[in-house]
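Here's the letter readout for the chains.
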Amino acid sequence: MNPTEPKQTQPNLTHLNQSGEAHMVDVTDKQVTEREARAEAFVTMAPATLALILSGQHHKGDVFATARIAGIMAAKKTSDLIPLCHPLALTRVEVEIEPQAEQNRVHIRTLCKLAGKTGVEMEALTAASVAALTIYDMCKAVQKDMVIEQVRLVEKKGGKSGHFQLGVTDGEQA
């Protein structure tokens, strides 16, 4: 490293202890606050695949209803899937699925909410991911080259780190 270059600081990785070993963060002393997170994902597919889903003629049944339920169930099971996540008592989980025919894709939006000591970002992301995977699973017999993309956190509210909104810089946060 060049000594004249400014030293870059690393963000504190909370899931690593002082020895660099993975551990579950202790939230015992944190305050209970209202927390909310929103995430999204997209599933891009052929126009014929989307038309089959929208017509209600898919041989496996209502693809969107199944994906919605799978997303809700996944949010509730996030701590079983992601090793260092805390089990959370979610008070609200929403999964919205919107067909976007002009782009040959489906837009999945999720919301997770609770009053607790740790955030719900992973639950919202897991709900979006599993809803997208469920759409893929139900339609793979019709089309195998669908693309799941842009699984991302859109907004987070509550907790010590405050409000995050995708595309908004810190100085612009509401």
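Parameters at a glance
- Positions within a chain are numbered from 1, following the residues in the order the chain's sequence is written.
- The predicted nature of this model means local features are confined to residues of pLDDT at least 70 and side-chain atom pairs, given and counted, to a pLDDT of 80 or more, with totals for whole chains, interfaces and linings taken over all residues.
- Think of the side-chain values as coming from all heavy atoms in the structure, minus any hydrogens and water.
- Helical segments are the DSSP runs of H or I of at least four residues, strand segments are the runs of E of at least two, and each set is numbered from the N terminus.
- Throughout this description, buried means an accessible area under 20% of the type-specific maximum (1.4 Å probe, protein chains only), exposed means over 50%, and partly exposed covers the range between.
- Values of accessible area rely on a 1.4 Å probe in the Shrake-Rupley scheme; residue burial ignores everything except the protein chains shown.
- Put simply, a salt bridge is a Lys or Arg side-chain nitrogen that is within 4 Å of an Asp or Glu carboxyl oxygen.
- The directions considered for the arc run from the helix axis to the C-beta atoms.
- Here, two residues are considered to be in contact whenever any of their heavy atoms come within 4.5 Å of each other.
- Confidence of the predictor in every single residue is expressed as pLDDT, which spans 0 to 100.
- To estimate how far a helix should extend, the number of its residues minus one is multiplied by 1.5 Å.

Colleague: Lay out the overall build of the protein in plain terms, naming residues and giving numbers.
Modeller: Per the secondary structure count, the protein includes 4 helices and 5 strands. Helices and strands in the protein line up, N terminus first, as β-α-α-α-β-β-α-β-β. Burial statistics for the protein: of 174 residues in total, 33% are counted as buried. On the protein, roughly 10600 Å² of surface is accessible, and the fraction owed to carbon and sulfur atoms is 54%.

Colleague: Please give an account of the pattern of salt bridges that cites residues and values.
Modeller: Under the definition given, this model contains 11 salt bridges. For lysine 140, the salt bridge is made with aspartate 137, and the minimal N-O distance between the two is 2.4 Å. Within the structure, one salt-bridge network assembled from shared partners comprises Glu36, Arg38, Glu155 and Lys157.

Colleague: I'd like to hear about helix H1 (residues 47–55), residue by residue, with values.
Modeller: Those residues of H1 not exposed but buried are Thr49, Leu50 and Ile53. What you see down the axis of H1 is that its buried residues fit within an arc of 95°, all on one side. For H1, exposure combined with an orientation more than 90 degrees from the buried face picks out Pro47 and Ala48. As for H1, its buried residues are in contact with helix H2 (63–76), strand E2 (92–100), strand E3 (105–116) and helix H4 (121–139). A positive phi of about 75° marks glycine 56, the residue just after H1.

Colleague: A description of the confidence of the model for the protein should follow, citing residues and the corresponding values.
Modeller: On average, residues of the protein score 87 in pLDDT, and 83% of them are at 70 or above. Confidence, expressed as mean pLDDT per element, reaches its minimum in the protein at H1 with 94 and its maximum at E2 with 98. Across residues 6–10, where pLDDT falls below 50, the model places 1 contact with residues more than four positions away in sequence or in other chains.

Colleague: Summarise H4; cite the residues concerned and give the values.
Modeller: For H4, which comprises 19 residues, the first-to-last C-alpha distance of 27 Å matches the rise-based estimate of 27 Å (1.5 Å per residue) to within 8%. Residues Glu123, Ala124, Leu125, Thr126, Ala127, Ala128, Ala131, Ala132, Thr134, Ile135, Met138 and Cys139 constitute the buried set of H4.

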